[in-house]
Amino acid sequence: MNKNYFEIKRAGINTTFQDQGRGNLYHIGIPFSGAMDNRNFQISNKLVGNEVNFPIIEFAYQGPLLKYFGESINFAITGDVKFIIRKKNNTIEGKCYQSFALENGDELDIVSTNKSVYGYLAVSGEFDVNYQWSSCSINTKANIGANNGKKIEDGQKIYILNINKNLSDKKLNYINTKIENIRVIQGTNFDYFSEEGKKIFFEKEFVISKLSDRMGMRLEGPKIENIVDTNIKSEGLLKGVIQVPADGNPIIMLSDHGTIGGYPKIGVVISADYDKLVQLTPGSKIKFKKVELADAETLFKLYDLETQNLISQI
């Protein structure tokens, strides 16, 4: 029996297993899911010597309190996160983007994220999780993925396989930058909205509602006027699409979104801004900035190149 495991003393608010998600399944109603902040997900794995797509533990706001049992292992946490390592004789204040060792009996207390939403925990081994459609990513709305599609719970044991025993400490000097202007391309139903509605969308501030989760981000602010129809025949959705229902308040589709929807789409958040968007907390103010498709493609290539450059520094 595997003797290396975490015992979950406190599960946290929204703690799940994630990887890069499951592609090519939209046609059967299965969303992509995967880590919300893909850059921080990849970096966490690299800091412990893993392949970048190894399963990790994603947490929101308050993270888990875990007690470790087994042989020495390294871990790393990415994001903007406060965490503490409790050893037998001392307590260590943790630092993000740096690997630390855990010994038998140590506790890892992921206290909270700091003015952000998501953080990531990777270990120098493989979490013993089941896969569904080539991904372990948990979608709690659909009960898909590892852990029977459920959040990690208090009292649960998480086993770790294939521990890498030849690791040195790793560190990356990286600061999570905040974002206020979210760049978008025009949506397929852009012409459904009045000229005043379009002007409001690009010139006024919106506030992120508390009614936001891995499925979608609801915004509050000046109403966006629809002059054609507030409902359409259901069409395919993708991550980052901004729908506007009858109340005039935009909803941004996030990683666990439904694959079809019947609200008109005014825009799509560009891929280069998605990681930073999902880290904005409820109450944050944002503005939208229009860019062309060709610019969005270039910006994504630059963002991906920057991510790969960061990973190469580890």
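Residues numbered from 1 in each chain as written. Predicted model: local features only at pLDDT ≥ 70, side-chain atom pairs only at ≥ 80, totals over all residues. Heavy atoms only, no water.

**Notes on the packing of aromatic side chains**
Item 1. Summed over the entire model, instances satisfying the criterion amount to 13 aromatic pairs.
Item 2. Here tyrosine 5 and phenylalanine 69 contribute two aromatic rings whose centre-to-centre distance is 5.1 Å and whose plane-to-plane angle is 25°, an arrangement assigned as stacked. Here tyrosine 5 is found in strand 1 (residues 5-10), whereas its partner phenylalanine 69 is found in strand 4 (residues 65-69), with 64 residues between them in sequence.
Item 3. You can call tyrosine 5 buried: its relative accessible area is 15%.
Item 4. Judged by centre distance (5.9 Å) and plane angle (50°), the ring pair of phenylalanine 206 and phenylalanine 288 falls under tilted. Of the two residues, phenylalanine 206 is situated in strand 14 (residues 206-208) and phenylalanine 288 in strand 21 (residues 285-290); the sequence distance between them amounts to 82 residues. (Phe/Tyr/Trp six-rings, centres within 6.5 Å; stacked < 30°, edge-to-face > 60°. Helix = DSSP H or I, 4+ residues; strand = E, 2+ residues; numbered from the N terminus. Buried < 20%, exposed > 50% of the residue type's maximum accessible area, 1.4 Å probe, protein only.)

**Here's the deal with the pairing of strand 1**
Item 1. Bridge analysis of strand 1 against strand 12 (residues 157-161) gives three bridges, and the strand direction is antiparallel. Opposite phenylalanine 6, over in strand 12, you have isoleucine 158 as the bridge partner.
Item 2. Inspection of the sheet shows strand 1 paired to strand 4 by five bridges, in the antiparallel sense. Among the inter-strand pairings, isoleucine 8 is bridged to a residue of strand 4, identified as leucine 66. (Pairing = 2+ DSSP bridges.)

**Describing empty space enclosed by the protein**
Item 1. In this structure the tally under the stated criterion is one cavity of 30 Å³ or more.
Item 2. Put simply, the largest cavity is a space of about 170 Å³.
Item 3. Together, 15 residues line the largest cavity, and Asp37, Asn176, Thr177, Lys276 and Gln279 are the ones closest to its centre.
Item 4. If you list the elements that add at least two residues to the lining of the largest cavity, you get helix 1 (38-47) and helix 3 (271-278).
Item 5. Residues belonging to the lining of the largest cavity are distributed by class as follows: three nonpolar, six polar and six charged. (1 Å grid on protein atoms, 1.4 Å probe; cavity = no way out; pocket = protein on both sides within 12 Å on 5 of 7 lines; lining within 4 Å. Points joined across faces, edges and corners; volume = space filled by probe spheres on them. Nonpolar A, V, L, I, M, F, W, Y, C, P; charged D, E, K, R; others polar.)

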